[in-house]
Amino acid sequence: MSLFRSIASRGKSVSHLTPYLYSSAAVAAAAGLGAAAVDPSSGWYKGLRKPAWQPPSWAFGAVWTPLYASIAGAAGHALPRTPAAQRHQVAGALAVNLVLNAGWNWLFFKARSPKAGLVGTSALVVSNAHLVYQVGKHDRGAALALTPYAVWCCFATALNASILRRNR
């Protein structure tokens, strides 16, 4: 969170690339921390009953890579366009969102709990709505860039709920 506070306190005096570098570093850290918990080849995960509409394993990397890029790009674009007095709200919403994003992997895969995962991904959906709202107050284009991420997380929540129902 201090990374985003640093961005929030700098204002327009920073290089135009600096917000993109900070947001990219934060998103990469969240992606890396989340990925550290994922083991789709584990016996536990392979043993779960999953819906027929679950994408193949390779699709998740193919989807998340551009989604993470859009989060970093949207944040890097929105933060310097947000008035200094409100920048901490956008930065805070982003920080909470990235923690929840990485946290889902730990709840679902590391804790081996679809139930905890559903709680985590539901919180992420709420956080996405809040993030899009906060960003949209200052940068409509950046808010639109976050929309596919929010939609994908809704899909992931439905998938998590379906896995939970099948594996009581």
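Let us look at the structure shown here. (Residues numbered from 1 in each chain as written. Predicted model: local features only at pLDDT ≥ 70, side-chain atom pairs only at ≥ 80, totals over all residues. Heavy atoms only, no water.)

1. Observations concerning the side chain of N167
Stated precisely, the cut-off is as follows: Helix and strand labels come from DSSP, where a helix needs a run of H or I of at least four residues and a strand needs a run of E of at least two; each type is numbered from the N terminus. A simple rule labels every residue: compare its accessible area, found with a 1.4 Å probe on the protein chains alone, to the largest value its type can have, and call it buried under 20%, exposed over 50%, or partly exposed in between. What qualifies as a polar contact is a pair of N or O atoms within 3.5 Å, subject to a donor-acceptor requirement within protein and to the restriction that residues adjacent in sequence count only when both atoms come from side chains.
Looking at where N167 falls in the secondary structure, it is placed in the segment after α7 (140-166). With relative accessibility at 19%, the residue N167 sits in the buried group. A distance of 2.7 Å separates a polar atom in the side chain of N167 from the backbone oxygen of R49.

2. Concerning unusual backbone geometry
Although it is not a glycine, R112 sits at a positive phi angle of roughly 55 degrees. When you line up the elements, R112 lands in the loop between α5 (84-110) and α6 (114-136). On the accessibility criterion, R112 (49% relative accessible area) is partly exposed.

3. Some details on the packing of aromatic side chains
Our working definition: Working definition: rings of Phe, Tyr and Trp (its six-membered ring) pair if their centres are within 6.5 Å, and the pair is stacked with planes under 30 degrees apart, edge-to-face with planes over 60 apart, and tilted otherwise.
Under the definition given, this model contains twelve aromatic pairs. With a centroid separation of 4.9 Å and an interplanar angle of 20 degrees, the aromatic rings of W104 and F108 are classed as stacked. Of this pair, W104 and F108 both sit in helix α5, separated by four residues, roughly a single helical turn. F108 matches W104 in its accessibility class, with the two residues each being buried. Measuring from ring centre to ring centre gives 5.0 Å for W152 and F155, while their planes differ by 40 degrees; the resulting arrangement is tilted.

4. With respect to the environment of G34
Rules: In this description, contact between two residues means that some pair of their heavy atoms is separated by no more than 4.5 Å.
You can see G34 is positioned in helix α2 (residues 18-35). Spatially, the C-alpha atom of G34 lies 4.0 Å from that of A102, the residues being 68 residues apart in sequence. Among all residues touching G34, those that are not within four sequence positions of it are A102, N105 and W106.

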